[in-house]
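Below, each chain spelled out in residue letters.
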Amino acid sequence: MAPAAIRCCAVVLALTIFLLISPSLAIYCDEDDCYDLLGVSQNANASEIKKSYYKLSLKYHPDKNPDPDSKKLFVKIANAYEILKDEASREQYDYAIAHPEEVFYNTARYYHAYYGHKTDPRAVLVGLLLILSAFQYLNQHTRYNQAVETVKKTPAYRNKLRALELERSGGIASKKKGHKQMDKNMEEDLSKELVLDIKGAERPSIWYLIGVQFVLLPYTISKLLLWNGSWFLRYKIKKAPYSWEDASYLTQSSLRVPLDAWRNIDESTKEDLVGRRLWEKSNLENYLAEMRKESKRRR
């Protein structure tokens, strides 16, 4: 390659590097050096920077200096001081000086520091938990009300209301004229006395909200650790026999039966299942094999 071509390539390369590198510094004090604007070295401490700024501001402030160019210079000095007086922004500027080739990184750090949101992450977390909890409670409330309205349309609910009405009236049903309207008013009163246990749509409670559960998380973890430690000490170290409650829990977990469904199983069936010790793998496999055989036989 000819020497002229080499020089041309070198000039183009240098120009390209300059165009890429200069923006990472220009975003701070334009084409100027922030330290030079304040007349201090890069090793100057905060006190020296502050002292130099006050001295220059008195000299170039538009109220003190009638020169038209003093206003522009004062703005540059004030901007340089804003960058260098803050330890974080000064550290970023010093990094940009030491690593001018990292154009995109330096630019991103600048805009994140000066234009990014400075909201406390803790406030964001609290706000997010409150919003999620509000939506969760509203969803539970809506589901519960819809379930209640559905249950009120069933014959079983109407029968319960009629039985409660007869109980309150001493077994005598009202036969007066306009009793339909009275029944409607009475229905509203009686419905408040009926406790509706609706599976899958329980009455909303603040204790199950995400925000409350998050606040109680340390207590929940401590309780869980204590329970596991007690379980390990009692059944692994001391080899004590399982209590009825713990054996029921192991049986329910082994069968993967939801807690609500387990509670609805009659006591005799529970006793049979617990007596089979289904938390032991071999017993569980034998029981499941029996269930599969019974299912095939019924077909």
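The rules behind these values
Residues numbered from 1 in each chain as written. Predicted model: local features only at pLDDT ≥ 70, side-chain atom pairs only at ≥ 80, totals over all residues. Heavy atoms only, no water. Helix = DSSP H or I, 4+ residues; strand = E, 2+ residues; numbered from the N terminus. Buried < 20%, exposed > 50% of the residue type's maximum accessible area, 1.4 Å probe, protein only. Contact = heavy atoms within 4.5 Å. Areas by Shrake-Rupley, 256 points an atom, 1.4 Å probe, with all protein chains shown as cover. UniProt positions renumbered as here; feature names shortened; annotations may be inferred. Salt bridge = Lys/Arg side-chain N within 4 Å of Asp/Glu carboxyl O. Core = buried A, V, L, I, M, F, W, Y, C linked by side-chain atoms within 4.5 Å. Disulfide = S-S within 2.5 Å. Expected span 1.5 Å × (residues − 1). Phe/Tyr/Trp six-rings, centres within 6.5 Å; stacked < 30°, edge-to-face > 60°.

**Q** Give me the overall build of the chain: which residues, what numbers.
**A** In terms of helices and strands, the chain carries 15 helices and 0 strands. The buried share of the chain, taken over its 299 residues, is 22%. Restricting to contacts in the chain with at least 6 residues of sequence separation, those with at least 24 account for 60%. With an accessible surface of roughly 22,500 Å², the chain has 60% of that area assigned to carbon and sulfur atoms.

**Q** Describe the UniProt feature "transmembrane region" (unreviewed entry) in the chain, with residues and values.
**A** When the UniProt feature table is mapped to this numbering, "transmembrane region" (unreviewed entry) covers residues 206–226. The span residues 206–226 shows a helical share of 76% and a strand share of 0%, and its end C-alpha atoms are spaced 25 Å apart.

**Q** An account of the pattern of salt bridges is requested, with residue identities and associated values reported.
**A** Any two side chains of opposite charge can pair if their charged atoms end up close together. Scanning the model with the defined rule gives 8 salt bridges in all. When the shortest N-O distance is used, the salt bridge between Lys85 and Glu82 registers 3.3 Å. With a gap of 3 residues between them, Lys85 and Glu82 both fall in helix H4 (residues 68–85), about one helical turn apart. For Lys85, a relative accessible area of 46% corresponds to the partly exposed category. Between Glu294 and Arg297 there is a salt bridge, and its shortest N-O distance comes to 2.5 Å. With a gap of 3 residues between them, Glu294 and Arg297 both fall in helix H15 (residues 281–298), about one helical turn apart. Looking at Glu294, the relative accessible area reads 26%, which means it is partly exposed. Salt bridges here are not isolated pairs; linked through shared partners, they connect Asp272, Arg276 and Glu290.

**Q** Go over the nonpolar core with me, naming the residues and quoting the values.
**A** One finds Tyr28, Cys34, Leu38, Ile49, Ile83, Leu84 and Tyr93 to be the most contacted residues of the largest nonpolar core, which totals 22 residues. Among the secondary structure elements, those contributing two or more residues to this core are helix H1 (3–29), helix H2 (34–38), helix H3 (46–60), H4 and helix H5 (87–98). Here this core takes 6 residues from H4, the largest share from any one element. Setting aside chain neighbours within four positions, we find Leu84 in contact with Cys34, Tyr35, Leu38, Ile49, Arg90 and Tyr93.

**Q** Can you lay out the state of the cysteines for me, pointing to particular residues and giving the numbers?
**A** As enumerated under the stated definition, the model contains 1 disulfide in all. Between Cys29 and Cys34 runs a disulfide, and the two sulfur atoms are separated by 1.9 Å. Note on the Cys29 and Cys34 pair: the S-S dihedral is about 105°, so by sign convention the disulfide is right-handed. Side by side, Cys29 and Cys34 carry an identical accessibility label, which is buried.

**Q** Give a description of helix H12 (residues 244–255) that names residues and reports values.
**A** Along an α-helix, a turn takes 3.6 residues, which lines up residues three or four apart on a common side. Between its first and last C-alpha, H12 extends 16 Å over 12 residues, near the 16 Å set by a 1.5 Å rise per residue. Of the residues making up H12, those classed as buried are Asp246, Ala247, Ser248, Leu250, Thr251 and Gln252. Buried-residue contacts for H12 involve helix H11 (217–237), helix H13 (259–263) and helix H14 (267–275).

**Q** Residues and numbers for the packing of aromatic side chains, please.
**A** All told, the structure shown has 10 aromatic pairs when counted by the stated rule. Plain terms: the ring middles of Trp231 and Tyr249 are 6.3 Å apart, the flat faces sit at 75° to each other, and that makes the pair edge-to-face. With Trp231 in helix H11 and Tyr249 in helix H12, this residue pair connects regions lying 18 residues apart in the sequence. Relative to Trp279, the ring of Tyr242 has its centre 5.3 Å away and its plane inclined at 75°; by these criteria the two rings are edge-to-face. Remark: Trp279 occurs in the loop between H14 and H15 and Tyr242 occurs in the loop between H11 and H12; sequence separation between them is 37 residues. A network of ring pairs unites the aromatic residues Trp227, Trp231, Tyr235, Tyr242, Tyr249 and Trp279 as a single cluster.

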